[in-house]
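Residue-level structural notes
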Amino acid sequence: MAPTPNTQDMANAIRALSMDAVQQANSGHPGAPMGMADMAVALWGEHLRHNPANPNWANRDRFILSNGHGSMLIYALLHLTGYKLPIGELKNFRQLHSKTAGHPEFGITPGVETTTGPLGQGITNAVGFALAEKLLAKEFNREGHAIVDHHTYVFMGDGCLMEGISHEAAALAGAWKLGKLIALYDDNGISIDGQVAPWFIDNTAQRFVAYGWNVIGPVDGHDVAAVSAAIAQAKAGTDNRPTLIISKTHIGKGSPNRANTSKAHGEPLGAEEIKLTRESIGWSHAPFVVPKEVYADWDAKEKGKAAEAAWNDKFAAYKAAFPELAKEFVRRMKGDLPKNFVQTAVDTVIAAHQKGETVASRKASQLALESFTAALPEMLGGSADLTGSNLTNTKSTPNLRFDALTGDVVTNEAGQGGRHINYGVREFGMAAIMNGVALHGGFIPYGGTFLTFSDYSRNAIRMAALMKLRVVHVFTHDSIGLGEDGPTHQSIEHAASLRLIPNLDVWRPADTAETAVAWTVALQNKAKPTALLLSRQNIAYIAKGDSAVAPDASGLDAISKGAYVLAEPSDAGLKKKAQAVIIATGSEVQLAIAAQKVLAERKIAVRVVSMPSTTTFDLQSTEYKSSVLPAGVPRIAVEMGSTGGWWKYGTAAVVGLDTYGESAPAPVLFKHFGFTADNVADTVEQVLRK
C-alpha cells in the first residue's frame, strides 16, 4: 500500500477527529491516536477483514486496541469505515450514556471486541482470541473447508509492555505458536511522566524473540507502505510464530508544540494548538467535518459485505458436506448450551445427592466436571500450575499440547485435541486470556488457582464482570482449612472481597450436591462470570429433604436460589419453632449442623440455612428471602473469613475471622480460632440471652 495523498488524508481524518473530540469533551488522550493514525490506515485500509454491517460476523478478523486510553483511534475508525457510530457519538465523546466512553467498552460500541484501558490486558485478551481461533479451526475445519480462518491484530504501547501481565501473555503466545496473532507496538517512547528511557530500558525485540515470536522492525510507523508490508510479511509467515511489529512513531504527530511530549498524552491540545495542528497537517476543515472523498476512501461496507458473503458461501458448502458439524459450530458460536444440558445437570445433582460422598469441595467440583466436560465440548479448562490441587482436569479434558516443529494442536488417537491448559504460574495472565477466549466465542473457559491468589487475577475478574462474560474461576484452598501452609496462603478477606465485585456470581458450596448446582448455575450464567470457592479439607455430605434437591422440574430450585433451609429444629429432635437462625457457607455448614445438635441438647431450637451464594440469594424475591430468614428471629452467621459482609443480613453475631491465620494442622486451627460446634452454640446462646 503505497503512501498517497489519499492515505495521508485518511490518517489526518483520524487525527482531526481525535483532537476535536478530546477538545470538546475537555478530557481524553489525543496523542496516541494521532501517533497511530498511519498504522491504522495500513491495517484497516488494506488488511483487516471485517464487515461494518455485521460486527459479529464469525470469521472476521479481531482488532484489539490494548492501549485503550487512545480510544478515539478506534472510534474514528469505526465511524469512518461505516459502523453504526454516527458523528454525533464522536461529538458526545466521554459523555453520559454515549457509545464513545473514555475507554472502549465491549457491548456498548459496535465493533469493539473487548473492553480495554487497564494496560496489558488487551494484548492478553488477544492471546485468548488467537488461541480460541486456533482451537476452533482444529476442531471444525475439514480439508477444503476452512470455515475458521482469521487473524487477531493488536495495537499496544509502552504501558502495555511495562505491565507484567504482558510477559505472561507473550510467553504463552509463543509457547502455543499462535501464528495468526499480530501485534503492532506503538513505540513512541513517551508516557505520562515523560520520556520512558529512565525507567523502561527493555530490549523489546530481544524480549519477544526470547518468547518465540517473530519480530519485524523497527519500521517507520508513519510510513503506511512500510507498516502494510510488515503486516503482509507477518501474515505470510509459515512458522506458526506470533509476530510483533515494532513501529517507531511520534506521539501527537502533527502537533507543532505537543508532538513527542507527555503533554500530548492525556489532555486536550487546546484551541490554539489545534489551529496550528490543522495548518501543520493541511487539514482545513471545521471540527468534526470529514470530506466526502475521505469518507469514500475509508468506507469498508461493500468490501466487508463481499467478504462475509464469500464466507457464507463457504459455510453453505461446509454445511452441505458436514451438516452436524455446521450445526454444532453455530450453537457453539451463539453460546447456547446443548439440548441435553438440563438433563445432564439434573442427573449430576441427583447422583451427588444419592451417593452422599464425604469429599473436599474441590473434589466435588472435579466430580461435577467429569459429567459436564463430557457433555459440553465447549468447556476449556486449565490451572495456574496447580492442577493436582485445583482438580480442574477430567477424563474428557486431556492436556493441551502443541507440536514443537509445526505448532499444530496435538491430538489423541480419536483425533481430539487437548482441552486442559497448563497456564504455568500466571494467574493474572490466565484470567485475562480466559476473557479473550470467552469474547471470541465457541468456548466456556474455566481455570483454577488457590483462592488467596485471586488477588493476582482480580482486575481481569473485574473486567469479565464488567463485560458480562461467561468465565468460571475455580478457587480452591478457600480458608484456614488448608492448614500448614500458613497465613500467606490462607484466605481471610477474599470471599468478602470477591462478593463486592458487581455482576460476579460467587459460590462457596457445602457438599457435592451444592457444588454440582454451583457448576450448573455457572454454566447457565451467560452474562456473568462465576467464582467457585472450594475447600481443601473433606466435608461431610449433609442429608437434604426433597425440597432441597427436587421436586421442581430442573431439580435445582432450592439450592440454585443461593440459600435455602437445610435443617429445621425438628431435624435435631425439637418440635418447636426456631428461636434463632444459623447461616453458614461451605465447610462451615457441617459445623452449623453440629452446633444445632448441641443446642438441641440445651433445648434451644435453631434453623440452619445453607447460603452457598450470597450474590445469588441477594437477587431473590423479598418473599423468598423472608421465608429463609424470617423476620424477628435472631441470625448468626458462620464463615471462616472476614465478618464485614455478613452484617447486611441483620445478623446479631458472626463467628468469623478478622485476623490472619497461622501455620498449623487444620483441626488445631479450627479449635484455636473458635470454629467448633460448642463455640457456635455458645454464640447463639449469648445472642438469645441479650
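Residues numbered from 1 in each chain as written. Predicted model: local features only at pLDDT ≥ 70, side-chain atom pairs only at ≥ 80, totals over all residues. Heavy atoms only, no water.

Quick word on the pattern of salt bridges
- Applying the stated criterion to the full structure yields 27 salt bridges.
- We note a salt bridge from Glu588 to Arg508, for which the minimum N-O separation is 2.5 Å. With Glu588 in helix H23 (residues 588–601) and Arg508 in the loop between strand S13 (505–507) and helix H20 (512–524), this residue pair connects regions lying 80 residues apart in the sequence.
- Judged by relative accessible area, which is 2%, Arg508 ranks as buried.
- Among the salt bridges present, the one from Glu568 reaches Arg607, with a minimum N-O distance of 2.8 Å. A residue pair is termed long-range when its members are at least 10 positions apart, and Glu568 in the loop between strand S16 (564–567) and strand S17 (580–584) and Arg607 in strand S18 (residues 606–610) qualify at 39 residues. (Salt bridge = Lys/Arg side-chain N within 4 Å of Asp/Glu carboxyl O. Helix = DSSP H or I, 4+ residues; strand = E, 2+ residues; numbered from the N terminus. Buried < 20%, exposed > 50% of the residue type's maximum accessible area, 1.4 Å probe, protein only.)

Details of the sheet that holds strand S7 (residues 243–248)
- Taken in spatial order, the five strands make up an open sheet running S1-S2-S3-S7-S6, and their pairing is parallel. What marks the edges here is a single partner per strand, and that holds for strand S1 (62–65) and strand S6 (214–220). The mean inter-strand angle of the sheet, taken between neighbouring strand axes irrespective of direction, is 15°.
- Here S1 runs beside strand S2 (residues 152–156); their pairing, made up of four bridges, is parallel. Bridged to Ile64 within S2 is Val154. (Pairing = 2+ DSSP bridges. Axes fitted to C-alpha atoms, helices over the stretch in contact; angles between N-to-C directions.)

Description of the packing of aromatic side chains
- Applying the stated criterion across every chain yields a total of 18 aromatic pairs.
- Note on Trp44 and Phe63: the rings are 5.3 Å apart at their centroids and 80° apart in plane angle, and the pair reads as edge-to-face. One end of the pair, Trp44, is in helix H2 (residues 31–47); the other, Phe63, is in strand S1, and 19 residues separate them in sequence. Residue Trp44 shares its accessibility class with Phe63, and that shared class is buried.
- Here the aromatic residues Phe140, Trp311, Phe315, Tyr318, Phe322 and Phe329 are joined through ring pairs into a cluster of three or more.
- Stacked on the ring of Tyr541, the Lys or Arg Lys544 has its end atom at 4.2 Å from the ring centre. (Phe/Tyr/Trp six-rings, centres within 6.5 Å; stacked < 30°, edge-to-face > 60°. Lys NZ or Arg CZ within 6 Å of the ring centre and 35° of its normal.)

Thoughts on the nonpolar core
- Of all hydrophobic cores here, the largest spans 78 residues; its most connected members are Ile480, Trp519, Ile582, Leu629 and Phe675.
- At eight residues, H20 tops the list of elements feeding residues into this core.
- Apart from residues no more than four positions distant in its own chain, Leu629 is found in contact with Val581, Ile583, Val609, Met611, Phe617, Arg635 and Tyr649.
- Grouped together as the second largest cluster of nonpolar side chains are 61 residues, Ala58, Phe140, Ala171 and Ala173 included. (Core = buried A, V, L, I, M, F, W, Y, C linked by side-chain atoms within 4.5 Å. Contact = heavy atoms within 4.5 Å.)

Describing the sheet that holds S13
- Strands sit in the order S10-S9-S11-S12-S14-S13 across an open sheet of six strands; the sheet is parallel. Strand pairing shows two members of the sheet lacking a second neighbour, strand S10 (420–422) and S13, which therefore form its edges. Averaged over all pairs of adjacent strands, the angle between strand axes in this sheet comes to 20°, irrespective of strand direction.
- As defined by bridge partners, S13 adjoins strand S14 (residues 530–533) across three bridges and the pair is classed as parallel. Bridged to Val506 within S14 is Ala531.
- Across the face of the sheet, H20 comes into contact with strand S9 (379–383), strand S11 (444–450), strand S12 (472–476), S13 and S14 while running at roughly 170° to S13.

What to know about a positive patch on the surface
- The grouping of Arg49, Lys235, Lys303 and Lys314 at the surface amounts to a positive patch.
- Within the secondary structure, Arg49 sits in the loop between H2 and S1.
- Arg49 sits in the partly exposed class, given a relative accessible area of 30%. (Patch = residues over 30% accessible without salt bridge, like charges linked within 9 Å, V, L, I, M, F, W, Y side chains within 5 Å. Areas by Shrake-Rupley, 256 points an atom, 1.4 Å probe, with all protein chains shown as cover. Lys, Arg positive; Asp, Glu negative; His and termini not counted. Charge placed at Lys NZ, Arg CZ, Asp CG, Glu CD.)

Things to note about the confidence of the model for the protein chain
- The predicted model of the protein chain has a mean per-residue pLDDT of 96, with 98% of residues at 70 or higher.
- Residue range residues 547–555 is modelled with pLDDT below 50. Its contacts to residues more than four positions away, or to other chains, number 16 contacts. (pLDDT = per-residue confidence, 0-100.)

Comments concerning the packing of helix H5 (residues 121–140) against helix H7 (residues 165–175)
- Across the interface, H5 lies against H7 with an axial gap of 8 Å and an inter-helix angle of 20°. Comparing their axes, H7 and H5 come out roughly parallel. Read as a crossing pair, H5 and H7 show a hand that is left-handed. Residue-level contacts link Gln121, Ile123, Thr124 and Val127 of H5 to Ile165, Ser166, Ala169 and Ala173 of H7.
- Here the residues of the contact of H5 with H7 are counted per class, giving five nonpolar, three polar and no charged. (Parallel < 35°, antiparallel > 145°, perpendicular 65-115°, else oblique. Left-handed = near helix turned anticlockwise from the far one by under 90°. Nonpolar A, V, L, I, M, F, W, Y, C, P; charged D, E, K, R; others polar.)

Details of the side chain of Arg15
- Along the chain, Arg15 falls in helix H1 (residues 5–25).
- For Arg15, a relative accessible area of 1% puts it in the buried group.
- When residues no more than four places from it in sequence are discounted, the contact partners of Arg15 are Gln8, Met34, Ala37, Asp38, His222 and Lys253.

Structural notes on the layout of surface pockets
- One number sums up the size of the largest pocket: a volume of about 630 Å³.
- Along the wall of the largest pocket there are 27 residues; nearest its centre are Met333, Lys334, Ala438, Leu439 and Gly441.
- When residues of the lining of the largest pocket are traced back to their parent elements, those giving at least two are helix H12 (301–321), helix H13 (323–334) and helix H17 (427–440).
- Top element by residues in the lining of the largest pocket is H13. It accounts for five residues.
- A volume near 470 Å³ is recorded for the second largest pocket.
- Lining the second largest pocket are 23 residues, and of these Glu139, Pro377, Gln416, Gly417 and Arg419 sit closest to its centre.
- Residues belonging to the lining of the second largest pocket are distributed by class as follows: ten nonpolar, eight polar and five charged. (1 Å grid on protein atoms, 1.4 Å probe; cavity = no way out; pocket = protein on both sides within 12 Å on 5 of 7 lines; lining within 4 Å. Points joined across faces, edges and corners; volume = space filled by probe spheres on them.)

Some remarks on unusual backbone geometry
- Here the amide bond leading from Gly217 into Pro218 is cis, since omega sits at 15°, within 30 degrees of zero.
- Inspection of the secondary structure assignment puts Pro218 in strand S6.
- Of note in the backbone geometry, Arg94 takes a positive phi value of approximately 65° without being a glycine.
- If you check the backbone angles, Lys468 has positive phi at about 60° while not being a glycine.

Digging into helix H14 (residues 341–355)
- Taking 1.5 Å per residue as the helical rise, H14 with its 15 residues ought to reach 21 Å, and the 21 Å between its terminal C-alpha atoms agrees with that figure.
- Every buried residue belonging to H14 is among Phe341, Thr344, Ala345, Val346, Thr348, Val349 and Ala352, and all of these are buried.
- Where H14 terminates, the next one or two residues include Gly356, which has phi positive at roughly 55°. (Expected span 1.5 Å × (residues − 1).)

Comments concerning empty space enclosed by the protein
- Taken as a whole and assessed by the stated rule, the structure comprises three cavities of 30 Å³ or more.
- Its boundaries defined by the atoms lining it, the largest cavity holds a volume of some 80 Å³.
- Lining the largest cavity, in full, are Trp44, Leu48, His50, Pro55, Arg60, Asp61, Arg62, Phe63, Ile74, Tyr83, Gly111 and Glu113.
- Size it by volume and the second largest cavity reaches roughly 50 Å³.
- Leu451, Asp478, Ser491, Ile492, His494, Ala495, Arg508, Glu639, Met640 and Gly641 together form the lining of the second largest cavity.
- Broken down by class, the residue content of the lining of the second largest cavity amounts to four nonpolar, three polar and three charged.

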